[in-house]
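Here's the letter readout for the chains.
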Amino acid sequence: MNKIKAVITGVGSYIPKYILTNDELSTMVDTNDEWIMTRIGIKERRILKPEEGLGSSYLGSKAVLNLLEKTNTKPEEIDLLICATVTPDHVFPATANIICDKVGIKNAFSFDVNAGCSGFLFALSVGSKFIETGKCKKVIVLGAEVMSSIVDYTDRSVSPIFGDGSGAVLLEPTTGENGIIDELLEVDGVGRHYLHQKAGGSVKPASHATVDAREHFIYQEGQPVFKWAVSKMADVSDEIMKRNNITADQLAFLVPHQANLRIIDATARRMGLEKEKVMINIQKYGNTTSATLPLCLSDWESQLKKGDYLILSTFGAGFTWGAILLKWGYDSK
Ligand code: UT7
């Protein structure tokens, strides 16, 4: 009998309504549209306004409801839900648990995965194992982020980059051709020094001093992160192609993490891919961390065909990086 594989059978997404443009950002901090477009490639990003009192579970539950509706799936059919996020509603319990409660998923277990911007990719790998072992029949994997809750809008080196959003996929078993074929997941903890949140964890709990020092926001040293990202994302994407004997011609799309257009371009060049085969929506959402990959899949869903080869590829805080090769599971209706 053929081995059981996990195949993506649906995609859902949700983005908040408020659009923060480069022009508006330029009134908040010393920056401009030309710098942001040239150095990063972002025109605008979506923001969940803090006064709404809503968190990542709000965005995540909207994406999951969209997914359940599109795939005609009842909440009680779901066996497992994994939420990738670096901006959980609370330190605990897991945002995944809250999403399950909000959408009526009762017969499942759920947990969060934090692997920085590689969160969705790593969660997809974990979810696929529960399918491949036969333990679960329907698994939801999502990325949900309110990055604006940890962005310092007085810091011009970080504030243009990030945005809020959520995307979710449904995984089901198949013994056919399609589904997740191969994965390469890597980490080097030395990277924690260059991209992290200084306070609010067990090493440095929240205090008046940490708030005064603005240590509850993203701290990033852009250049070392950039150098690592360019080389590692290109390395894994190229390696997963080569070891599966997939040529640039055979690949339908690269689905890259959306951190910087220059990083995406470098990865595509290394793979020998023309621009038409690269999913790029960074200009309208910015870097939504764990949500970038499913938001790409959602935006391109109507163009994807059953049997298309896709490579999903990421780099993020940790450092974490990786790539997944899969064959798309369905023609969109
Ligand atoms: O998803 C997680 C992984 N994260 C990433 O992949 C991010 C990787 N890093 C990057 O994308 C880039 O390093 C940044 C976009 C963060 C920064 O771009 P850069 O080309 O590395 O710029 P830089 O930090 O070297 O700064 C160049 C200049 C500096 O001015 P001087 O010293 O040359 O006079 C900065 O002060 O640009 C200045 N600058 C800005 N100017 C206008 C920095 N931020 C801004 C800004 N607007 N927002």
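Residues numbered from 1 in each chain as written. Predicted model: local features only at pLDDT ≥ 70, side-chain atom pairs only at ≥ 80, totals over all residues. Heavy atoms only, no water.

1. Regarding the site of the ligand
So, point 1. Thr31, Arg156, Gln223, Asn260 and Asn287 are the nearest of the 22 residues found near the ligand.
So, point 2. Here His257 contributes a side-chain N or O atom positioned 3.0 Å from an oxygen atom of the ligand.
So, point 3. Taking 950 Å² as the accessible area of the ligand by itself, protein coverage stands at 74%.
So, point 4. Mapped onto the shell around the ligand, the elements with two or more residues apiece are α2 (33-39), α7 (222-243) and α8 (261-271).
So, point 5. Taken together, the residues of the shell around the ligand break down into ten nonpolar, eight polar and four charged. (Near = heavy atom within 4 Å. Polar contact = N/O pair within 3.5 Å; in protein donor to acceptor, adjacent residues only side chain to side chain. Areas by Shrake-Rupley, 256 points an atom, 1.4 Å probe, with all protein chains shown as cover. Helix = DSSP H or I, 4+ residues; strand = E, 2+ residues; numbered from the N terminus. Nonpolar A, V, L, I, M, F, W, Y, C, P; charged D, E, K, R; others polar.)

2. Quick look at the packing of helix α3 (residues 56-70) against helix α4 (residues 95-103)
So, point 1. In contact at an axis separation of 9 Å, α3 and α4 are set at 50 degrees when each is read in the N-to-C sense. It follows that α3 is oblique to α4 by the angle criterion. Both α3 and α4 take part in a crossing whose hand is right-handed. Contacts between α3 and α4 involve Ser56, Ser57, Tyr58, Gly60, Ser61, Val64 and Leu65 from the first element and Thr95, Ile98, Ile99, Lys102 and Val103 from the second.
So, point 2. For the contact of α3 with α4, the per-class residue count stands at six nonpolar, five polar and one charged. (Axes fitted to C-alpha atoms, helices over the stretch in contact; angles between N-to-C directions. Parallel < 35°, antiparallel > 145°, perpendicular 65-115°, else oblique. Left-handed = near helix turned anticlockwise from the far one by under 90°. Contact = heavy atoms within 4.5 Å.)

3. Some remarks on the pattern of salt bridges
So, point 1. What the rule picks out here adds up to 16 salt bridges.
So, point 2. The closest approach of N and O atoms between Glu172 and Lys138, which form a salt bridge, is 2.7 Å. Placement of the pair is Glu172 in strand β7 (residues 164-174) and Lys138 in the loop between α5 (119-132) and β6 (139-146), with a sequence separation of 34 residues.
So, point 3. Residue class for Lys138 comes out buried when judged on its relative accessible area of 16%.
So, point 4. Shared partners join several salt bridges into a network, and the residues in it are Asp235, Asp238, Lys242 and Arg270. (Salt bridge = Lys/Arg side-chain N within 4 Å of Asp/Glu carboxyl O. Buried < 20%, exposed > 50% of the residue type's maximum accessible area, 1.4 Å probe, protein only.)

4. Section: the side chain of Thr210
So, point 1. Along the polypeptide, Thr210 turns up in helix α6 (residues 208-212).
So, point 2. The contacts of Thr210, once residues within four sequence positions are left out, are Ala199, Lys204, Pro205, Glu215 and His216.

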